[in-house]
Amino acid sequence: MTDETPKLRAALDGVPTYKPGKPGAASAAGAVSYKLSSNENPYPPLPGVLESAVAASGAFNRYPDMACTGLMAALAERFDVPVTRLATGTGSVGVAQQLLQATAGPGDEVIFAWRSFEAYPIITQISGATAVRVPLTETEEHDLDAMADAITDRTRLIFVCNPNNPTGAAIRRRELERFLDRVPGDVLVVLDEAYREFVRDEDIPDGLELYRDRPNVCVLRTFSKAYGLAGLRVGFAVAHEPVAAALRKTAVPFGVSQIAQDAAVASLASEQELLERVEGLVAERARVSRELVVQGWTVPETQANFVWLRLGARTTDFAAAAERAGVVVRPFPGEGVRVTIGEPEANDLFLQAAAEFRKEPEA
Ligand SMILES: Cc1ncc(COP(=O)(O)O)c(C=O)c1O
């Protein structure tokens, strides 16, 4: 045995580890604890979805359909895009990683707002490219002018998270179009719309409208949030042919299991039930936001399935207080907490914890 260890790429030094939302541990005396830390759908699978997943699981001695033929056909029909403009992956974060592999490496730059989805800096650093973080505005929104100003000859990819995780703020049509008009055609803009189904403001554009006549724009969507398939890992991109083809090249072979493919197809077929559930969550979002404002909090307008409270130095204290009350939230120490909209009982517990916390004197 020698003391030598394998040489690992220097790009990995200091890569922050992805922090998943904490699970909802049973709180004191076995009381229920709700997990509001990962922006998941709190409801069980839609009708027919569990059945297709179970049926597919009977054949998991076989590899899945590598081309995701059934899912691609269903997506093409549902979103009115040719199959040649679609690519699937292991969650939309898997597709985001493929996009980086396809566009950027050492010496290249990747721009995103900060704070935004925490996977962006991780996957950027792993690619070897340099992350360029552009601070959000005071109102927790993308600063699109500053992002456009940050573009250089080395920029290869720009993530635009709409609505933004974790602040919930969304970008309006005119602003986004103006930004896209400023981005050179050889820079890929990824419109990450993981929370699109929760958007209710008609002025927030659907990326699928914007990408059509812009070859450098690609849209990322997921089955993890509104569709409730977070545990199955399936997401997709809609992009012009060269980008979609590059995504097929960078995909992990057989990355999307047959269970995930079949469950996703069944979810698309249960659109009506899906919409009803999403509508319920949107109504809860309005109730939670309203009550927080009544309690005296400043709550950025959210178009996603979570709310954001900027708490600064009191962030971890708030998260601990919420946990004692039976709700696990997602703290970003020193910045704020993101709280997923869950079932009404969970939201009630969170609101109670928030009200109690306001009464506590600041340390
Ligand atoms: C903005 C955004 N994009 C992508 C993802 C990744 O979702 P998934 O990989 O489960 O599709 C998330 C998950 O939290 C997200 O918030």
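Predicted model only: the values in this text are computed from it and were never measured.

With that settled, consider the nonpolar core. Core analysis: the largest hydrophobic core is formed by 83 residues, its most contacted members being F179, F223, L292, F318 and F350. In this structure, F318 is in contact with W297, L309, L311, V337, F350, A354 and F357, ignoring residues within four places of it in sequence.

Right, let's get into the UniProt feature "modified residue: N6-(pyridoxal phosphate)lysine" (unreviewed entry) in the protein chain. Annotation from UniProt places "modified residue: N6-(pyridoxal phosphate)lysine" (unreviewed entry) at K225. Topologically, K225 is positioned in the loop between β7 (217-222) and β8 (235-238). On the basis of relative accessible area, K225 is assigned to the buried category, the value being 15%. Among the polar contacts made by the side chain of K225, one reaches the main-chain carbonyl oxygen of S38 at a distance of 3.3 Å.

Spatial ordering of the open sheet is given by β9-β12-β11, a layout of three strands whose pairing is antiparallel. Whereas interior strands pair on both sides, the edge strands pair on one side only; in this sheet they are β9 (306-310) and β11 (330-332). Strand-to-strand twist of the sheet, defined as the mean angle between neighbouring strand axes without regard to direction, takes the value 20°. In the sheet, β11 pairs with strand β12 (residues 336-340) via three bridges, with the strands oriented antiparallel. Directly across from R330, in β12, lies its bridge partner R338.

Moving on to the site of the ligand. As a matter of local geometry, the ligand sits amid 13 residues, with S92, D192, Y195, T222 and S224 nearest to it. At 3.0 Å from an oxygen atom of the ligand is found a main-chain nitrogen or oxygen belonging to V93. Coverage of the ligand by the protein amounts to 93% of the 400 Å² it exposes when considered alone. Here the shell around the ligand gets three residues from one element, more than from any other, and that element is helix α3 (residues 91-103). The residue inventory of the shell around the ligand, partitioned by class, reads five nonpolar, five polar and three charged.

The subject of this paragraph is the sheet that holds β7. Here we have seven strands laid out as an open sheet, ordered β2-β8-β7-β6-β5-β3-β4, and mixed in their pairing. Because the sheet does not close on itself, it has two edges, and the strands there are β2 (86-89) and β4 (130-135). Averaged over all neighbouring strand pairs, the angle between strand axes comes to 25°, with direction disregarded. Where β7 and β8 come together, four bridges link them in antiparallel fashion. Within the sheet, the bridge partner assigned to R221 lies in β8 and is F236. Helix α2 (residues 69-79) rests against β2, β7 and β8 of the sheet, and its axis sits at about 130° to β2. Lying over the sheet, α3 contacts β2, β3 (109-114), β5 (155-161), β6 (188-192), β7 and β8, oriented at roughly 155° with respect to β7.

Now for the pattern of salt bridges. Following the criterion strictly, the structure yields 23 salt bridges and no others. Residue E335 is joined to R115 by a salt bridge in which the shortest nitrogen-to-oxygen separation is 2.9 Å. Here E335 is found in the loop between β11 and β12, whereas its partner R115 is found in the loop between β3 and α4 (119-127), with 220 residues between them in sequence. By relative accessible area, E335 is classed as partly exposed at 21%. By relative accessible area, R115 is classed as buried at 15%. Measuring nitrogen to oxygen at the nearest pair gives 3.4 Å for the salt bridge that ties E356 to K359. A residue pair is termed a helical-turn pair when its members lie 3 or 4 positions apart in one helix, as E356 and K359 do in helix α12 (residues 344-359) at three residues. Members of the salt-bridge network, linked through shared partners, are R172, R173, D201, D203, E209 and E301.

Conventions and cut-offs
Residues numbered from 1 in each chain as written. Predicted model: local features only at pLDDT ≥ 70, side-chain atom pairs only at ≥ 80, totals over all residues. Heavy atoms only, no water. Core = buried A, V, L, I, M, F, W, Y, C linked by side-chain atoms within 4.5 Å. Buried < 20%, exposed > 50% of the residue type's maximum accessible area, 1.4 Å probe, protein only. Contact = heavy atoms within 4.5 Å. UniProt positions renumbered as here; feature names shortened; annotations may be inferred. Helix = DSSP H or I, 4+ residues; strand = E, 2+ residues; numbered from the N terminus. Polar contact = N/O pair within 3.5 Å; in protein donor to acceptor, adjacent residues only side chain to side chain. Pairing = 2+ DSSP bridges. Axes fitted to C-alpha atoms, helices over the stretch in contact; angles between N-to-C directions. Near = heavy atom within 4 Å. Areas by Shrake-Rupley, 256 points an atom, 1.4 Å probe, with all protein chains shown as cover. Nonpolar A, V, L, I, M, F, W, Y, C, P; charged D, E, K, R; others polar. Salt bridge = Lys/Arg side-chain N within 4 Å of Asp/Glu carboxyl O.

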